Amino acid sequence: MWDIDNKTPFHVRGSFIRDHTVATFWLVHIKASFVMRPDQKCLFATDQVPLHASPIFFNDDPQSDLLADVEVVPLKALVDVVVDATGYPPAGCRDAPYIASVSIGGWEKRLQVNAPVVYRRWGGVAKDSSTFNGCLPLRYTQSFGGPDSRLNPIGHGHAKRRTDMIGQAVPRLSPADEPYRNPTEERPGVGFSGIPTGWPERVRFAGTYDDEWMRRRAPLFPADLDLRFWQSVAADQQLPADAVMGQELMLTNMTSSDGLTATPPMKLMVPSLDFEIHTRFSGNWSPLTASVQAIELSVDSRRLSLTFAAALPIGAAQHDVRVKETVVSMRGHDGFVVAPSDIRRFTANDDDPEVEAVAP
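Asks: What exactly am I supposed to notice about the side chain of Lys31 here?
Replies: Tracing the sequence through the fold places Lys31 in strand β3 (residues 24-35). Of the polar contacts made by the side chain of Lys31, one reaches the side chain of His52; its length is 3.2 Å. Among the polar contacts made by the side chain of Lys31, one reaches the side chain of Glu71 at a distance of 3.1 Å. In contact with Lys31, not counting residues within four places along its chain, are Phe10, His11, Gln48, Val49, Pro50, Leu51, His52, Glu71, Glu296, Ser305, Leu306 and Thr307.

Okay, here's the thing in structure tokens:
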């Protein structure tokens, strides 16, 4: 019962989820990981990354940056572009701001990395000579916010009074062409990392958890939950599915060979994958359609992962016993190569599609 015959070399997981409409689904999630190589096809990663069963925070600290959220969730309407990266200044950019950006096809997000400065008494800023204008994590902890900020509690630079910021470091990460302004003005932080479930940007989609919910519905999701709650990144990092696979990916000022200055922009193609999924339910085989849910870029480690999901509605929760077996196989793929030592992982079955091998 509930067995999965995984004929792919990727991580696969099956689960049952009851959504906010009280409908129950058999979900199949697939995660495929690759090594990013500049100006070359991605390389199939020998060590595949498992699906995240719990949130991943920087240094395992829930009060720090969300690097990746739970991946076994109901189907998402859009693809999350999850980026964990470091910004590096271009050569010769000692004290000037620079732009760190990621683009996929026609989509682009740009953030400005500013030189280290401190807040002055009359509202200006002064160069912080004690801090080098070097690399910077492109995360929300480096942008505007603070413990008193409702929109970004893990940032810094927000204060109830201007005088509280005198001599304090100004956030170095800001929207492109939008420098630090009034420290008392509430505004969102910026970053490429994830948005935790407790932040207003996601809470507003979580539905109503009130006394009525406690009496009549708990522990199920509220009936007014909005599916956008499951998107784990800022709205400007959510893309249509057809805007991701097979598209050119470019990372600017996010890679370095010496850890000090940026290398030229990294360009590569996002791999394309097509899966064939069948589940035997109530004695019949039903086809499931997998859609891409997220692209996860761990730039410092040169890793790219694609997460897919497919859902089979089974009606009521007690029908889970009618789900007997699921078969997952690859129907087609493009945009990546495989090391000779990993070829066997793609040829276990006679009907597996051929893969392109890279020279040893």
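Asks: What am I meant to see in the packing of aromatic side chains here?
Replies: The relation between two aromatic rings is expressed through the spacing of the ring centres and the mutual angle of the planes. Across all of its chains, the model carries 13 aromatic pairs by this definition. Note on Phe10 and Phe346: the rings are 6.2 Å apart at their centroids and 80° apart in plane angle, and the pair reads as edge-to-face. In this pair, Phe10 is assigned in the loop between β1 (3-6) and β2 (11-18) and Phe346 in the segment after β25 (336-337), connecting sequence segments 336 residues apart. Note on accessibility: Phe10 and Phe346 belong to one class, buried. Ring centres of Phe34 and Phe336 lie 4.9 Å apart, and the angle between their planes is 50°; this geometry places the pair in the tilted category. Residue Phe34 is found in strand β3, and its partner Phe336 is found in strand β25; the two are separated by 302 residues along the sequence. For the pair formed by Phe34 and Phe336, the shared burial category is buried. An aromatic cluster is built from Phe10, Phe34, Phe44, Phe275, Phe308, Phe336 and Phe346, whose rings are joined through pairwise contacts.

Asks: So what exactly am I meant to see when it comes to the pattern of salt bridges here?
Replies: When the charged atoms of two side chains lie near each other, side chains of opposite charge can form a pair. Evaluated as defined, the whole model comprises 15 salt bridges. Lys31 is the salt-bridge partner of Glu296, the closest N and O atoms lying 3.1 Å from each other. With Glu296 in strand β22 (residues 291-298) and Lys31 in strand β3, this pair connects stretches of sequence that are 265 residues apart. What makes Glu296 buried here is its relative accessible area of 8%.

Asks: What is the right way to look at the sheet that holds strand β20 (residues 272-281) in this model?
Replies: Whether parallel or antiparallel, the strands of a sheet pair through hydrogen bonds between backbone atoms. Read across the sheet, 4 strands follow the order β1-β24-β20-β21 without closing on themselves; strand pairing throughout is mixed. Sheet topology places β1 and β21 (284-288) at the edges, where each strand pairs with a single neighbour. The mean angle between the axes of side-by-side strands here comes to 20°, regardless of whether they run parallel or antiparallel. One ladder, built from 4 bridges, connects β1 with strand β24 (residues 323-334); its direction is parallel. Its bridge partner lying in β24, Ile4 is registered against Thr326.

Analysis parameters
Residues numbered from 1 in each chain as written. Predicted model: local features only at pLDDT ≥ 70, side-chain atom pairs only at ≥ 80, totals over all residues. Heavy atoms only, no water. Helix = DSSP H or I, 4+ residues; strand = E, 2+ residues; numbered from the N terminus. Polar contact = N/O pair within 3.5 Å; in protein donor to acceptor, adjacent residues only side chain to side chain. Contact = heavy atoms within 4.5 Å. Phe/Tyr/Trp six-rings, centres within 6.5 Å; stacked < 30°, edge-to-face > 60°. Buried < 20%, exposed > 50% of the residue type's maximum accessible area, 1.4 Å probe, protein only. Salt bridge = Lys/Arg side-chain N within 4 Å of Asp/Glu carboxyl O. Pairing = 2+ DSSP bridges. Axes fitted to C-alpha atoms, helices over the stretch in contact; angles between N-to-C directions.

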